[in-house]
Amino acid sequence: MTEEPDHGTDHPFDIVPPAAIRDGTATDAYFLRTETALDGADRNPHVVAEVTLGQFPSGDPHLFAGIEDAIHLFEGLPVDVHALPPGTFFDGGPVVRIEGPYRDFARHETSLLGFLSQATAFATAAHELRRAAPGTPVVSFGARHLHPSLAAVLERSALLAGLDGFSHVAAGEVLGREATGTMPHALVICFGRGEQEAAWRAFDEGVGPDVPRTALVDTYSDEVDEAIRAAEAVDDLNGVRLDTTGSRRGDFRHICREVRWELDARGHEDIDIFVSGGLGPADLRELRDVADGFGVGGAISDADSVDFGLDLITVEGEPAAKRGKLSLPKQVYRTPDGAHHLGLAREDGPADGAPLLEPVVEDGEIAAAFDLDESIERTREDAALVFGDED
């Protein structure tokens, strides 16, 4: 039986350490028992495995993400891995293909699916928001709804989908990007009722010159009243944020229009209206012509994990898929009409199709480099094919 490493228990938070993910003990117990059984039987067959969401194209595209982390599971292992590039839309067929001795990568299935399932869910949800307001800035505010260890995954997925920024500072340090944000109600409350001007001025005087001056204007008074007061209290105010709770909101579209009217009537046409607070795609579609920007949290972070599965499809070169799965290695293609075509890897695909599964690990060596900006551009280009001009 394989002796597992001791990672210790001196952790102040309930976070599985990176070392456990890398060595494969961050796994389901039955994979370690499978190793024991295979060792006892002196068996380690050469297999091909595929990760799929559905067997055939379904017409319901998801945005692939998470492979940037997942490939590091296979460093130093005698395996080859092909995968969709991040920023690719798919609606069936494999997103990852692994070939090698099964015993050498079996324990990594749990972490592999976790890396892909969560990030793809975030990216898909974020892109739905992007499509709901294609010409309006949208910022991810969702990190507060997640375990903090997932913040960088969330924010990278949001950027991949085409969102314009995010709020989490430590995630920004991981990604090499700067977090953004306005001010919380707590800042205004610290100055007290009737002292909103003091809070707005303190923010203006306290933050750096590169921080946009956006005042939160719904803490104690009517949004229109506080928006006008903020515009008069802070020179060169960039914007106002409406974060009104659902229980007090009423007709949010009407509130935005009223704030816009009253600001414009006083010569503040250059002050933007930024909207947040429990928004989803339908809200963005309704408000995108009366708001200059959105902050969205739960609509991204609360996305249901994508139900990827990993299945062996060949053993020692022979078809071996279980019932309900498709045997033999496959390739998927993007055709010029935006379709997702599935075929056998050993056969030629459609003449006008571009193969999507690419080498990312070759005999344990990382064979792909992922640049976030390039992935964001891939999302944009692939979305134009898959969704056309629909928004």
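The coordinates are above.
Since we're looking at a predicted model, the values are computed, not measured. (Residues numbered from 1 in each chain as written. Predicted model: local features only at pLDDT ≥ 70, side-chain atom pairs only at ≥ 80, totals over all residues. Heavy atoms only, no water.)

Novice: How would you explain the overall build of the protein if you had to name every residue and give the values?
Specialist: Across its full length, the protein carries 15 helices and 18 strands. Taking the principal axes of the C-alpha coordinates as reference, the protein spans close to 80 × 55 × 35 Å. Considering only residue pairs separated by 6 or more positions, the protein has 69% of its internal contacts joining residues 24 or more positions apart. Only carbon and sulfur atoms are counted for the fraction: they give 48% of the accessible area of the protein, which is about 18800 Å². Both charge centroids of the protein, one from 32 positive and one from 73 negative side chains, sit 4 Å from each other. (Helix = DSSP H or I, 4+ residues; strand = E, 2+ residues; numbered from the N terminus. Contact = heavy atoms within 4.5 Å. Areas by Shrake-Rupley, 256 points an atom, 1.4 Å probe, with all protein chains shown as cover. Lys, Arg positive; Asp, Glu negative; His and termini not counted. Charge placed at Lys NZ, Arg CZ, Asp CG, Glu CD.)

Novice: Residue-level account of helix α2 (residues 29-40), with values.
Specialist: Along its 12 residues, α2 runs 17 Å from first to last C-alpha, staying within 8% of the 16 Å computed at 1.5 Å per residue. F31, E35 and L38 are the residues of α2 that are buried. Take α2 and look down its axis: the buried residues cluster within an arc of 70°, on one side only. Across from the buried face of α2, at angles greater than 90 degrees, the exposed residues are Y30, R33 and G40. On the buried face of α2, the contacting elements are α4 (102-105) and α5 (109-132). (Expected span 1.5 Å × (residues − 1). Buried < 20%, exposed > 50% of the residue type's maximum accessible area, 1.4 Å probe, protein only. Arc of directions from axis to C-beta.)

Novice: An account of the sheet that holds strand β8 (residues 214-216) is needed here, citing residue identities and associated values.
Specialist: Sheet architecture is open: six strands sit in the order β7-β6-β11-β10-β9-β8, paired in parallel fashion. Two strands close off the open sheet at either side, each with one partner strand: β7 (165-166) and β8. Bridge count between strand β9 (residues 239-242) and strand β10 (residues 272-276): four bridges; the pairing is parallel. Residue pairing for β10: V240 is matched across the bridge by I273. (Pairing = 2+ DSSP bridges.)

Novice: Got a sec to walk through the sheet that holds strand β14 (residues 330-334)? Specific residues and values, please.
Specialist: Hydrogen bonding along the main chain pairs the strands of a sheet, whether they run parallel or antiparallel. Taken together, the three strands give an open sheet; going across it, the order is β15-β14-β16, and neighbouring strands pair in antiparallel fashion. Each having just a single partner strand, β15 (340-344) and β16 (354-355) make up the two edges of the open sheet. Pairing of β14 with β16, which is carried by two bridges, proceeds in the antiparallel orientation. Each residue of the ladder has a partner; that of Y333, found in β16, is P355.

Novice: With reference to specific residues and values, describe the pairing of strand β17 (residues 358-362).
Specialist: The sheet contact formed by strand β3 (residues 80-83) and β17 spans three bridges and is antiparallel. If you follow V81 over to β17, its bridge partner there is V361. Across two bridges, β17 lies against strand β18 (residues 365-366) in antiparallel orientation. By the bridge assignment for β18, E362 is matched with E365. Linking two consecutive strands that pair antiparallel, namely β17 and β18, is a turn of two residues; a positive phi of about 50° is found at D363 within it.

Novice: An account of the nonpolar core is needed here, citing residue identities and associated values.
Specialist: Among the nonpolar cores identified, the biggest contains 58 residues, and W200, V240, V259, V275, L284 and F294 are the most heavily contacted of them. When sequence neighbours within four positions are dropped, the list of residues in contact with V275 reads L242, F252, C256, L287, A291, G293, F294 and G295. Counting residues in hydrophobic clusters, the runner-up holds 38 residues, among them L77, A125, L357 and V360. (Core = buried A, V, L, I, M, F, W, Y, C linked by side-chain atoms within 4.5 Å.)

Novice: Mind laying out the pairing of strand β11 (residues 293-296), listing which residues take part and the relevant values?
Specialist: Going residue by residue along β11, you find G293 and G295 tucked away on one face and F294 and V296 tucked away on the opposite face as well. Where strand β6 (residues 138-140) meets β11, three bridges bridge the pair, whose relative direction is parallel. Each residue of the ladder has a partner; that of S140, found in β11, is V296. Bridge count between β10 and β11: three bridges; the pairing is parallel. Paired with F274 across the strands is G293, a residue of β11. Assessed by its sense of winding, the connection that carries the chain from β10 through helix α13 (residues 281-287) to β11 is right-handed. (Right-handed = clockwise from strand over helix to strand, strands pointing away.)

Novice: A description of helix α10 (residues 223-233) should follow, citing residues and the corresponding values.
Specialist: Burial analysis of α10 places nine of its 11 residues in the buried class, which makes it a mostly covered element. Looking only at α10, the buried set comprises E223, V224, E226, A227, I228, R229, A230, A231 and A233. Contacts from the buried residues of α10 go to α9 (196-206), β8, β9 and α12 (252-265). N-capping of α10 is provided by D222, with a side-chain oxygen placed 2.9 Å from the backbone N of V224. (Polar contact = N/O pair within 3.5 Å; in protein donor to acceptor, adjacent residues only side chain to side chain.)

Novice: How would you explain the environment of A37 if you had to name every residue and give the values?
Specialist: Following the sequence through the fold, A37 ends up in helix α2. For A37, a relative accessible area of 49% corresponds to the partly exposed category.

Novice: Give a detailed account of a negative patch on the surface, specifying residues and quantitative values.
Specialist: Judged by side-chain charge, D80, E99, E362, D363 and E365 come together as a negatively charged surface patch. Along the chain, E362 falls in strand β17. (Patch = residues over 30% accessible without salt bridge, like charges linked within 9 Å, V, L, I, M, F, W, Y side chains within 5 Å. Salt bridge = Lys/Arg side-chain N within 4 Å of Asp/Glu carboxyl O.)

Novice: Tell me about the pattern of salt bridges, and please be specific about residues and values.
Specialist: Taken as a whole, this structure holds 21 salt bridges when the rule is applied. A salt bridge links R229 to E197; its shortest N-O distance comes to 2.7 Å. Linking R229 in helix α10 with E197 in helix α9, this pair joins segments that are 32 residues apart in sequence. Accessibility assignment for this pair places R229 and E197 in one class, buried. Shared partners join several salt bridges into a network, and the residues in it are E35, D39, R103 and R107.

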